[in-house]
Amino acid sequence: MALFSFRKPAAPAPMDRACQVESFLRGFSIEVMPRTAEKVADFRAILPEGTRVYIAHIDGTPIEEMVATAKRIGDEGFAVMPHFPARIIKDKATLLDWVARYRDVGVRQGLILAGGVAAPVGDFSTSMQLLDSGAFGDFDRLHVAGHPEGNKDIDPDGSDRMVMEAARWKTAFAERTDAKMAMATQFCFEAQPVIDWVTRLQAEGVALPVHIGVAGPAKLQTLIKFAIACGVGPSLKVLQKRALDVTKLLLPYEPTDFIAELAAHKAANPGFGIEQVHFFPLGGIKTNAEWVTANGGASGKPARAA
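How each quantity is defined
Residues numbered from 1 in each chain as written. Predicted model: local features only at pLDDT ≥ 70, side-chain atom pairs only at ≥ 80, totals over all residues. Heavy atoms only, no water. Axes fitted to C-alpha atoms, helices over the stretch in contact; angles between N-to-C directions. Helix = DSSP H or I, 4+ residues; strand = E, 2+ residues; numbered from the N terminus. Left-handed = near helix turned anticlockwise from the far one by under 90°. Contact = heavy atoms within 4.5 Å. Nonpolar A, V, L, I, M, F, W, Y, C, P; charged D, E, K, R; others polar. Pairing = 2+ DSSP bridges. Salt bridge = Lys/Arg side-chain N within 4 Å of Asp/Glu carboxyl O. Parallel < 35°, antiparallel > 145°, perpendicular 65-115°, else oblique.

Undergrad: Kindly report on the packing of helix 7 (residues 191–203) against helix 10 (residues 256–268), identifying the contributing residues and their values.
TA: As a packed pair, helix 7 and helix 10 sit with axes 9 Å apart at the nearest point and diverge in direction by 35 degrees. Remark: the crossing between helix 7 and helix 10 carries right-handed chirality. Residues Ala 191, Val 194 and Ile 195 of helix 7 form the contact with helix 10, whose own contacting residues are Phe 258, Glu 261, Leu 262 and His 265. Class assignment for the residues of the contact of helix 7 with helix 10 results in five nonpolar, one polar and one charged.

Printed below as a string of structure tokens:
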């Protein structure tokens, strides 16, 4: 006579740290500038096919250089997302000209942001004005900026009241348009404040998925310089603490622990709002790409089953 077993099936084993990181890195994006892109002979040699490549538009860079860089990277098989910084765009005619130039080389994505210059050069000062202009009607993906540690330019009092109000406006914009939207953030160095911020976004009704900014491997002195210049606040103390440790002072920083903590939280909370990782290759594009390959598989997908 057959015997019946009423034992519960064994629960699936949780992913180990390496698998969590591999899964978290899948679909990552990376940022370049025209002058840094020139140093890469062929992006196909270092990045997975189809990787989204943002092109930062620094004030003073001619639009011709931006478009040429976009065309070159797009022709190599990558999804190109140029920046549209509101405060360096003179007027709507200039905006429409930029959009048309990019459209002519196959670009259909853009990062819409206010920009880092103190005073607008013309009619635009916010990303919301750009979005509301109607210029991006045939773009299929529009990303906006996110600020896990606040933004003193937007909220001089140190709160995040205006930042959150703008994020809710952008969520409403996404809901009434066909564009796929996400929030690409400034880079950070400490996981728990990021986790708290993303959780709060969801509680505040901000439904945009987050593409979390991560500083790629670099010398510690380089990171501190960029962190101060870019207004990275509370998590800067992570770098400062590392700088006081003479055993680590001369070693290059790698985002291993930061990403592993976020990956573990995402694995334990699948509905958590971080959708992808966005790298700022402050120590060089090739160095960053090699780190991602080592941690996430050369194909950009998990190198082995979880």
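Undergrad: I'd like a rundown of the sheet that holds strand 8 (residues 274–280), residues and numbers included.
TA: Taken in spatial order, the eight strands of this closed barrel run 1-2-3-4-5-6-7-8, and their pairing is parallel. Strand-to-strand twist across the sheet, computed as the mean angle between neighbouring axes with direction ignored, equals 30 degrees. Direction of pairing for strand 3 (residues 79–85) relative to strand 4 (residues 109–113): parallel, over a ladder of three bridges. Considered in strand 4, the bridge of Phe 84 is made with Ile 112.

Undergrad: Residue-level account of the pattern of salt bridges, with values.
TA: The final tally for this structure, using the stated rule, is ten salt bridges. A salt bridge links Asp 97 to Arg 101; its shortest N-O distance comes to 2.9 Å. Taken as a pair, Asp 97 and Arg 101 lie in helix 4 (residues 92–104) at a separation of four residues, close to a single helical turn. Each of Glu 64, Asp 97 and Arg 101 takes part in a single network of salt bridges with overlapping partners.

Undergrad: Could you give me a rundown of the packing of helix 1 (residues 17–25) against helix 10, with the residues and numbers involved?
TA: Running from N to C, helix 1 and helix 10 point in directions that differ by 90 degrees, and their axes come no closer than 8 Å. One element, helix 1, and the other, helix 10, form an angle in the roughly perpendicular class. For the pair helix 1 and helix 10, contact is made by Arg 17, Gln 20, Val 21, Phe 24 and Leu 25 and by Thr 256, Asp 257, Ile 259, Ala 260, Leu 262, Ala 263, Ala 264, Lys 266 and Ala 267, respectively. Tallied by class, residues from the contact of helix 1 with helix 10 come to nine nonpolar, two polar and three charged.

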